[in-house]
Amino acid sequence: MLFLKRFYSKTGRLAHISKSHKPGDSLSIQGWIKNVRRLKNNTFLDVNDGSTSSKFQVVVPRTPENQHLSPGSVISAVGQIQVAPNGSFELHASSVKMLAEGHLQEGYPFSPKQKHSPEYVREHLHLRSRVDFIAAQMRVRHKAQKAIHDYMDELDFVQINTPLITTNDCEGAGEVFRVQPDSASLLKQMARPSVPEEQSYFDGKVFLSVSGQLHLEAMTYGLGNTYTLSPAFRAENSKSPLHLAEFYMFEAELAHLEELEKLASFIEQMLKSITNRLLETSSEDLHFCQENSNSRSDLPWLQVPWKIMTYDEAVQVLQENKDSLKTPISLNEGFSKDQEFFLVAHCAAPVFVVDWPAQQKPFYMKVSRTNPNRVYALDLLMPAVGELCGGSLRESDPVILNSHPQLPKDLSWYVELRKYGGIATGGFGMGFERYLQLVTGVKNIRDVIPFPRYPHSCKM
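Residues numbered from 1 in each chain as written. Predicted model: local features only at pLDDT ≥ 70, side-chain atom pairs only at ≥ 80, totals over all residues. Heavy atoms only, no water.

1. Some words on the pattern of salt bridges
Item 1. What the rule picks out here adds up to 22 salt bridges.
Item 2. Between Glu 217 and Arg 394 there is a salt bridge whose closest N-O contact spans 3.9 Å. Remark: Arg 394 occurs in the loop between strand E14 (386–393) and helix H10 (398–402) and Glu 217 occurs in helix H6 (residues 213–223); sequence separation between them is 177 residues.
Item 3. Two residues, Glu 253 and Arg 394, come together in a salt bridge whose shortest N-O distance is 2.5 Å. Of this pair, Glu 253 sits in strand E10 (residues 246–255) while Arg 394 sits in the loop between E14 and H10, placing them 141 residues apart in sequence. Comparing Glu 253 with Arg 394, the two get one shared label, buried.
Item 4. One network of salt bridges, with partners in common, ties together Glu 217, Glu 253, Arg 394 and Arg 418. (Salt bridge = Lys/Arg side-chain N within 4 Å of Asp/Glu carboxyl O. Helix = DSSP H or I, 4+ residues; strand = E, 2+ residues; numbered from the N terminus. Buried < 20%, exposed > 50% of the residue type's maximum accessible area, 1.4 Å probe, protein only.)

2. Some details on the sheet that holds strand E13 (residues 374–382)
Strand pairing within a sheet occurs via backbone hydrogen bonds; the two strands may be parallel or antiparallel.
Item 1. One open sheet accounts for 8 strands, arranged E6-E9-E10-E15-E14-E13-E12-E11; its pairing is mixed. The open sheet has two edge strands with one neighbour each: strand E6 (158–159) and strand E11 (307–310).
Item 2. Two strands pair when backbone bridges link them, and E6 and strand E9 (residues 226–233) are joined in this way by 2 bridges, in the parallel orientation. Bridging across to E9, Val 158 finds its partner in Thr 226.
Item 3. Set on the sheet, H6 makes contact with E6, E9, E10 and strand E15 (425–431); between it and E10 the angle comes to about 30°. (Pairing = 2+ DSSP bridges. Contact = heavy atoms within 4.5 Å. Axes fitted to C-alpha atoms, helices over the stretch in contact; angles between N-to-C directions.)

3. With respect to the pairing of E15
Item 1. In terms of burial, E15 is largely enclosed, as 7 of its 7 residues are buried.
Item 2. Burial along E15 is two-sided: the residues Thr 425, Gly 427, Gly 429 and Gly 431 and Gly 426, Phe 428 and Met 430 are all buried.
Item 3. The pairing of E10 with E15 spans 7 bridges and is classified as antiparallel. When the sheet's bridge partners are listed, Leu 254 is paired in E15 with Gly 426.
Item 4. Taken together, the 5 bridges between E14 and E15 define a ladder with antiparallel strand orientation. Following the sheet pairing, Gly 391 is matched in E15 by Phe 428.

As structure tokens, then:
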């Protein structure tokens, strides 16, 4: 292990050079040439190794041996760190070795000096990590996940790897993908008399998970506070810039939770904390993404207390301002995106809408004991993205839960959780990609996930 550490430490990552080195230090780097400028005596290479949105300049003597250096090529360079006229570090290379040629003239879709539209870049998923804008998004994504894991670990939450294949549709909306083997011979081989042949592998219908919540609840009843950050799948016919068929959900379940306001407070503090951590670790990449998206970089919602209003209060605000809305108000459905944005602007802050009509929410949400037409549920509405989190207290009374008309017939185990030492719980789910849109300002959710899946598109 010591040998490996010494070996890998010989080559520095560009993102750390200014923090770990000083002028005069010897340095070895590896990376892709982004641009080449040839002057009389020297050749200047802009090099990037994927660790930063900034280019690093390598200065090499202009000699016949270096004439073959071109954009897209992979090089290793050894030399001494110096300070450039603009105050940045640069490497005065004593040797440069070509590791691989770029072949950019042979059909490479991205011009090194041209800014390409996200739509065009999206057509080349296998190559788009080479584009600075996408690379910055992926680094922010990594650091945001780390911030979530670190925060939840510090609060003693237990991370649960919830299953991706499940027998239940958590939301009860029917927006699920069926799962079954593609091999007809395998299904026939495993067939049983009482089971339809297409279901013979698992002896019943199974789906890709739309949420890990129900499995988290099962773990919370024995472990206490739990969370997951896992893929989720929704079979929606939507090409909205805020929706994907496959995305990641950050979900948490809190044990012994009996007040919806405490859940709202937890969500607010969690989001502010992980975002501040992200600003500390990834400010350069965040600002780069925000500039490319022409969005604000100050995130003013970090500095203000968030508001809470009931569903009825929210409807009243919308009805009083219906002439300012683009969409009609429906009392049988949730709010439209236009209405969510209006409520956020009206409150001049993120807002939790609480105490929702029971018919608009799933079976597992706790029914108000003073008004059975309402459930203890919340939606968090944020600038730019609208709904970011949905959560609730969970119904803890097995009798009430068992009598719910929307309770799926195969969830007797879920009711049984309440039978053996049941406790009060509550939790929430947050679309991770939508959070990334919030902090980076990226308009289309397909550009904050490495390989987006959406209707009529599942490339690679």
